[in-house]
Amino acid sequence: MQDTTTSAVHVSLGQAFWQLLRRDLLLTLRRGNEWINPLVFFVIVVSLFPLGIGPGAKTLQLIGPGVVWVSALLATLLALDGLFRSDYQDGALELILLSPHPLSVLVLAKVLAHWLITGLPLVLLSPLLGVLLHQDSSVMWVLMATLALGTATLSLIGSIGAALTVGVRRGGVLLSLLVLPLYVPVLIFGSNAVASAGMGLAVKGQLSLLGGMLFLALALAPVATAASLRVSVE
Amino acid sequence: MGGGVRGDLKAVNRVVIQGLEARELECFRGETLLFQQLSFTVRSGEVVQIEGGNGCGKTTLLRILGGLGVADEGQVLWDGVPMPRSRPELYSQLAWVGHRDGIKDELTAIENLQAAQAMSEHAKDVDFSLVLESLGLVDRDTIPCRSLSAGQRRRVALARLAVTDAKIWILDEPLTALDVAGREQLQRMMVEHAQMGGMVIYTTHQHLPLAGCDCKSVVLG
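The structure reproduced in this document is the subject of the present report. (Residues numbered from 1 in each chain as written. Chains lettered and ligands numbered in written order. Predicted model: local features only at pLDDT ≥ 70, side-chain atom pairs only at ≥ 80, totals over all residues. Heavy atoms only, no water.)

### Digging into empty space enclosed by the protein
Residue and element names in this part refer to chain B.
No. 1: What the rule picks out here adds up to three cavities of 30 Å³ or more.
No. 2: If you add up the space inside the largest cavity, you get close to 230 Å³.
No. 3: Lining the largest cavity are 20 residues, and of these Leu94, Ala95, Ala116, Ser120 and Thr164 sit closest to its centre.
No. 4: Counting only elements with at least two residues in the lining of the largest cavity, the list comes to strand E6 (94-97) and helix H6 (150-163). (1 Å grid on protein atoms, 1.4 Å probe; cavity = no way out; pocket = protein on both sides within 12 Å on 5 of 7 lines; lining within 4 Å. Points joined across faces, edges and corners; volume = space filled by probe spheres on them. Helix = DSSP H or I, 4+ residues; strand = E, 2+ residues; numbered from the N terminus.)

So this is what it looks like as structure tokens:
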């Protein structure tokens, strides 16, 4: 008779991580074209420079790495505000906070989803914008590699700011103030690597540093974000 | 040996309560005192209603019990261990239906349940469509929750209680927007849960008769 009562199944951390990642990707898919906005912003900002400065190949070649990097940074920042906001507004964030699974791991799933939606398209699109700014074809892979490492770091660092400002009604400006100073090292090494590659210099050092920063952020940012989220909902 | 004796002494000094205990809670909202010296326990099989008028701190109290808020004084204990130290243990047994229902507009009812279940630790091996059907939501597995009515959304939120094996339910105004049939179904779920040894803490302004289980009430204000 007791057989009608169903048995409990243990939900592993891996399942929770995967389900949350899947949920966030599905939400983006269903929301239509919203995810494309930062990408369009990125393309438009980069293409404004040749219009404003003039199509001189030499100048563009010189400023190209910086322009692409700053634009990618701003595009990441633009998308950051939405990382936790909708979950906060409809109460889904409470369910995540009340989960017995480690919050930092769940946060990592959300940040990974966010990077796949906003960071990865930037990386894939960057060679096209490199061509627009007269970058050498040999530089393209450095541009993509630095952006891949860099945008992931930016998403991780940014998640701390997004978590801190999730309860603030118009937190966008505050978020930029909090996060932009922390973005500076990534910007310096990222654009410097691309510029060095353009001059035919070695870029191994900068790439290693960017990789180091990514792993540091990977280790520390989710924990800080989890703590910030708990403070923000209080 | 020595550790055992010390443990016994501790047990004599303070009886460990299995379940949730609020001990001398005090909370202010700005300058206003919401409640003070508030102590109560919720044990296995008990249903506790938090009573009080609008704005007297019911939701605040529930959030404190769930560890989403912090009391100005006092502590919340789960199986004798104070929060936030007992957070993993409490959360592995907690099902929460809050003031905001936590339902994603873009997902279907079933996808919402799936996502909620993944956030728990002990999932019940149940058919989601049967659970939704028992709550009067038929053929809702293809329609995004955006197009559901307020009452139907509340039912989806309550369906979360049936898909995890949580011991303690915290429900903030679960009757909001529910019709008579929905209310009766929730009543049945709560009584059944209590009879199986579960605990329920809830708030409501409506009359909710719960026959056949151990009911208590905590009055605020």
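So much for the structure itself; the text now carries on.
### Notes on the environment of Gly167(A)
Residues and elements named next belong to chain A.
No. 1: Following the sequence through the fold, Gly167 ends up in the loop between helix H7 (140-164) and helix H8 (172-198).
No. 2: Here Gly167 falls in the partly exposed class, since its relative accessible area comes to 42%.
No. 3: Considering only alpha carbons, one finds Gly167 and Thr146, 21 residues apart in sequence, at a separation of 33 Å. (Buried < 20%, exposed > 50% of the residue type's maximum accessible area, 1.4 Å probe, protein only.)

### Let's talk about the interface of chain A and chain B
Think of interface size as the accessible area that goes away when the parts come together; that is how it is often given.
No. 1: Each side of the interface is counted separately: chain A has 34 residues, and chain B has 35 residues.
No. 2: Among the residues chain A hides against chain B, the three largest losses belong to Glu94(A), Leu98(A) and Pro100(A). Together they make up 22% of the total.
No. 3: Applying the counting rule to chain A against chain B returns six salt bridges.
No. 4: A salt bridge links Asp90(A) to Lys104(B), with the shortest nitrogen-to-oxygen separation between them at 2.9 Å.
No. 5: There are 15 residue pairs in polar contact (both at pLDDT 80 or more) connecting chain A and chain B.
No. 6: Of all the elements in the fold, those that place two or more residues in the side of chain A that touches chain B are strand E1 (8-10), helix H1 (13-30), helix H4 (82-90), helix H5 (92-97) and helix H9 (204-233) of chain A.
No. 7: When the residues that make up the side of chain A that touches chain B are grouped by side-chain class, the tally is 16 nonpolar, nine polar and nine charged.
No. 8: As paired elements, E1(A) and strand E7 (residues 122-124) of chain B share three bridges and run antiparallel to each other. Of the residues in E7(B), the one forming a bridge with Val9(A) is Ala123(B). (Contact = heavy atoms within 4.5 Å. Buried area = accessible area lost by both parts, 1.4 Å probe. Salt bridge = Lys/Arg side-chain N within 4 Å of Asp/Glu carboxyl O. Polar contact = N/O pair within 3.5 Å; in protein donor to acceptor, adjacent residues only side chain to side chain. Nonpolar A, V, L, I, M, F, W, Y, C, P; charged D, E, K, R; others polar. Pairing = 2+ DSSP bridges.)

### A word on the layout of surface pockets
Residues and elements named next belong to chain A.
No. 1: As a volume, the second largest pocket reaches approximately 450 Å³.
No. 2: Of all the elements in the fold, those that place two or more residues in the lining of the second largest pocket are H1, helix H2 (36-53), helix H3 (57-80), H4 and helix H6 (103-132).
No. 3: Considered class by class, the residues forming the lining of the second largest pocket number eight nonpolar, six polar and eight charged.

### Notes on the packing of H3(A) against H7(A)
Residue and element names in this part refer to chain A.
No. 1: The N-to-C vectors of H3 and H7 enclose an angle of 35°; their axes lie 10 Å apart at closest approach. Viewed along their axes, H3 and H7 form a crossing whose handedness is right-handed. Residue-level contacts link Val68, Trp69, Ala72, Leu73, Thr76 and Leu80 of H3 to Leu143, Thr146, Leu147, Gly150, Thr151, Leu154, Ser155, Gly158, Ser159 and Ala162 of H7.
No. 2: Counted by class, the contact of H3 with H7 contains nine nonpolar, seven polar and no charged residues. (Axes fitted to C-alpha atoms, helices over the stretch in contact; angles between N-to-C directions. Left-handed = near helix turned anticlockwise from the far one by under 90°.)

### Points about the packing of aromatic side chains
No. 1: Evaluation of the coordinates by the stated rule reveals zero aromatic pairs over all chains.
No. 2: A cation over a ring is seen here: Arg100(B) above Tyr88(A), with NZ or CZ 5.2 Å from the ring centre. (Phe/Tyr/Trp six-rings, centres within 6.5 Å; stacked < 30°, edge-to-face > 60°. Lys NZ or Arg CZ within 6 Å of the ring centre and 35° of its normal.)

### Quick look at the environment of Thr164(B)
Residues and elements named next belong to chain B.
No. 1: If you trace the backbone, Thr164 turns up in the loop between H6 and strand E8 (168-171).
No. 2: Placed 38 residues apart in sequence, Thr164 and Val126 show a C-alpha to C-alpha distance of 9.1 Å.
No. 3: If we ignore the near neighbours within four places in the chain, the residues touching Thr164 are Ala95, Gln117, Ser120, His122, Ala123 and Lys124.

### A look at the pattern of salt bridges
No. 1: Counted by the stated rule, this structure contains 16 salt bridges over all chains.
No. 2: Among the salt bridges present, the one from Arg85(A) reaches Asp81(A), with a minimum N-O distance of 3.1 Å.
No. 3: Salt bridges sharing partners connect three or more residues here, namely Arg23(A), Asp24(A), Asp87(A), Asp90(A), Lys110(A) and Lys104(B).

### Regarding the sheet that holds strand E5 (residues 81-82) of chain B
All names here are of chain B.
No. 1: Ordered by their spatial adjacency, four strands build an open sheet running E2-E1-E4-E5, and the pairing between neighbours is antiparallel. Looking along the sheet, the strands with just one partner apiece sit at the ends: strand E2 (32-43) and E5.
No. 2: Of the pairings in the sheet, the one linking strand E4 (residues 73-78) to E5 comprises two bridges and is antiparallel in character. Paired with Trp78 across the bridge in E5 is Val81.

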